[in-house]
Amino acid sequence: MPELRRILANGVELNVALSGSGPAVLLLHGFPHTWELWTDIMADLSGRYRVIAPDLRGFGASGRAASGYDAGTLAEDAAALLTTLGISSAAVVGIDAGTAPAFLLALRRPGLVRRLVVMESLLGRLPGAEDFLADGPPWWFGFHSAAPHLAETVLEGHEAAYVDWFLHAGTLDDGVRPAIRDAFVRAYTGREALRCAFSYYRALPESAVQIEQAVATARLTMPTMALGARPVGAALERQLRPITDDLTGHVIEDCGHIIPLHRPRSLLTLLRPFLAGWDAKARDRGGADIR
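The text that follows walks through the structure, step by step, so that each part is easy to find. (Residues numbered from 1 in each chain as written. Predicted model: local features only at pLDDT ≥ 70, side-chain atom pairs only at ≥ 80, totals over all residues. Heavy atoms only, no water.)

## Here's the deal with the overall build of the chain
Along the backbone of the chain there are 12 helices and 8 strands. Computed over C-alpha atoms, the radius of gyration of the chain comes to 18 Å, within 12% of the 19 Å expected from 2.2 N^0.38 for 291 residues, which places it in the range of a compact globule. Dimensions along the principal axes, computed over C-alpha positions, put the chain at roughly 55 × 40 × 35 Å. Looking at the 291 residues of the chain, the share that counts as buried comes to 58%. Nonlocal contacts in the chain, meaning residues at least 24 apart in sequence, comprise 75% of its contacts between residues at least 6 apart. About 11,400 Å² of surface is accessible on the chain, with carbon and sulfur atoms providing 54% of the total. Within the chain, the 32 negative side-chain charges are centred at a point lying 6 Å from the centre of the 28 positive side-chain charges. (Helix = DSSP H or I, 4+ residues; strand = E, 2+ residues; numbered from the N terminus. Rg over C-alpha atoms; globule rule 2.2 N^0.38 Å. Buried < 20%, exposed > 50% of the residue type's maximum accessible area, 1.4 Å probe, protein only. Contact = heavy atoms within 4.5 Å. Areas by Shrake-Rupley, 256 points an atom, 1.4 Å probe, with all protein chains shown as cover. Lys, Arg positive; Asp, Glu negative; His and termini not counted. Charge placed at Lys NZ, Arg CZ, Asp CG, Glu CD.)

## Focus on the packing of helix H3 (residues 99-108) against helix H9 (residues 204-215)
Direction vectors running N to C along H3 and H9 enclose 30 degrees, while the axes themselves pass 10 Å from each other. Considering the angle they form, H3 stands roughly parallel to H9. Read as a crossing pair, H3 and H9 show a hand that is left-handed. Contacts between H3 and H9 involve Ala-100, Phe-103, Leu-104, Leu-107 and Arg-108 from the first element and Gln-210, Ile-211, Ala-214 and Val-215 from the second. (Axes fitted to C-alpha atoms, helices over the stretch in contact; angles between N-to-C directions. Parallel < 35°, antiparallel > 145°, perpendicular 65-115°, else oblique. Left-handed = near helix turned anticlockwise from the far one by under 90°.)

## Here we look at the pairing of strand S1 (residues 3-9)
Where S1 lies against strand S2 (residues 12-19), 7 bridges are found, and the strand directions are antiparallel. The partner of Leu-8 across the bridge, within S2, is Glu-13. Linkage of S1 to S2, two consecutive antiparallel strands, is achieved through a turn of 2 residues, within which Asn-10 is found at a positive phi near 55 degrees. (Pairing = 2+ DSSP bridges.)

## Focus on empty space enclosed by the protein
The final tally for this structure, using the stated rule, is 1 cavity of 30 Å³ or more. Empty space within the largest cavity amounts to approximately 60 Å³. Leu-14, Leu-28, Pro-54, Asp-55, Leu-56, Arg-57, Leu-74, Asp-77, Ala-78 and Leu-81 are the residues that line the largest cavity. Here the lining of the largest cavity gets 4 residues from one element, more than from any other, and that element is helix H2 (residues 71-84). Each residue belonging to the lining of the largest cavity can be placed in one class, and the counts come to 7 nonpolar, no polar and 3 charged. (1 Å grid on protein atoms, 1.4 Å probe; cavity = no way out; pocket = protein on both sides within 12 Å on 5 of 7 lines; lining within 4 Å. Points joined across faces, edges and corners; volume = space filled by probe spheres on them. Nonpolar A, V, L, I, M, F, W, Y, C, P; charged D, E, K, R; others polar.)

## Quick look at the environment of Glu-156
Relative to the elements of secondary structure, Glu-156 occurs in the loop between helix H5 (150-155) and helix H6 (159-169). Look at Glu-156 and you get partly exposed, because its relative accessible area is 38%. Remark: the alpha-carbon pair of Glu-156 and His-262, spanning 106 residues in sequence, is separated by 27 Å. If sequence neighbours within four positions are ignored, Glu-156 has contacts with Arg-191 and Leu-194. Polar contacts involving the side chain of Glu-156 include one to the side chain of Arg-191, which spans 3.0 Å. (Polar contact = N/O pair within 3.5 Å; in protein donor to acceptor, adjacent residues only side chain to side chain.)

## A short note on the sheet that holds S1
Sheet strands associate in pairs through backbone hydrogen bonding, adopting either a parallel or an antiparallel arrangement. Taken in spatial order, the 8 strands of this open sheet run S1-S2-S4-S3-S5-S6-S7-S8, and their pairing is mixed. Strand pairing shows two members of the sheet lacking a second neighbour, S1 and strand S8 (247-251), which therefore form its edges. Across the sheet, the mean angle separating the axes of adjacent strands is 20 degrees when strand polarity is ignored. Examined bridge by bridge, S2 and strand S4 (residues 50-54) share 4 bridges and lie antiparallel to one another. For Val-16, the partnering residue across the bridge sits in S4 and is Pro-54.

## Things to note about the environment of Asp-96
Within the secondary structure, Asp-96 is located in the loop between strand S5 (90-95) and H3. In sequence terms Asp-96 and His-33 are 63 residues apart; their C-alpha atoms lie 9.7 Å from each other. In contact with Asp-96, other than residues within four places in its own chain, are Gly-30, Phe-31, Met-119, Glu-120, Ser-121, Tyr-200, Tyr-201 and His-257.

## Re the environment of Tyr-49
Here Tyr-49 lies in the loop between helix H1 (39-45) and S4. By relative accessible area, which is 3% here, Tyr-49 ends up buried. Each C-alpha atom of the pair Tyr-49 and Ser-19 lies 8.1 Å from the other, and the pair is 30 residues apart in sequence.

## Description of the pattern of salt bridges
Tallied over the entire structure, the rule returns 15 salt bridges. Arg-6 is paired through a salt bridge with Glu-13; the nearest N and O atoms lie 3.1 Å apart. Salt bridges sharing partners connect three or more residues here, namely Glu-76, Arg-108 and Arg-109. (Salt bridge = Lys/Arg side-chain N within 4 Å of Asp/Glu carboxyl O.)

## Some points on the packing of aromatic side chains
Applying the stated criterion to the full structure yields 17 aromatic pairs. Seen in terms of ring centroids, Phe-31 and Phe-198 are 6.3 Å apart; in terms of plane orientation they differ by 55 degrees. Their pairing is tilted. A residue pair is termed long-range when its members are at least 10 positions apart, and Phe-31 in the loop between strand S3 (24-28) and H1 and Phe-198 in helix H8 (residues 191-202) qualify at 167 residues. Ring geometry for Tyr-162 against Phe-166: centres 5.0 Å apart, planes inclined by 80 degrees, an arrangement best described as edge-to-face. With Tyr-162 and Phe-166 both in helix H6 and 4 residues apart, this pair spans about one turn of that helix. Between the NZ or CZ atom of Arg-115 and the centre of the ring of Phe-274, over which it lies, the distance is 5.6 Å. (Phe/Tyr/Trp six-rings, centres within 6.5 Å; stacked < 30°, edge-to-face > 60°. Lys NZ or Arg CZ within 6 Å of the ring centre and 35° of its normal.)

By themselves these figures say nothing about function.
If you want it as structure tokens, here you go:
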């Protein structure tokens, strides 16, 4: 089992799961998840890597911050976490709400992020996702970011049914293991937990501006992998293609949005070789990146 620690980073106390030793791999979850999204991935990678999986600011057991749910602040949370852990470089993997922070961290701190993996999300208003957005964004984006406190008021007392909908939709109705499902439900139960989660959606316009400003002056220079499933498919890869020097893209067949829980073996089949090149370089430096 991973070690759970409370770590102060960028002014917020993060709940962080830590496992293994070796070059660092930082995993950033989405909605409605916690670090436990990565349970199967951590179990596999921790034999070779130091795997770090925080609950994002306001999510899960991390501090319920009043603000800071924009992608730029979440990226700084991640950078501060790595600094506190004494890590000078890491591979960073993000899905859903964790994708934009991972992306901005890589653009802003290319020396810190040596490999980038992003999946099942869109990056603001960058071109390439027009087909996916032809009928508008997913319905819950508008619901979560509507009039202040509306979504919290409607959903309080019905959190389990709401989380279950996302877990079934995100696994093509296969569902997830009961223990993980229950952990997610606990993490999103209560008005304050919902307020924090929906604050991420309410900050999306600010995050979109941050992304546009970042790509105006920088490119992704590290090896990057974009993974899609249903429903995002190759849209994220198309957004990244013009601004990335070394991009690999894959769409995982017969896989729902929650890739790490729905098709962990398929994900690991792609992750292991992608991380291996950086892994060898890190070890050749005499363990400089090993914590």
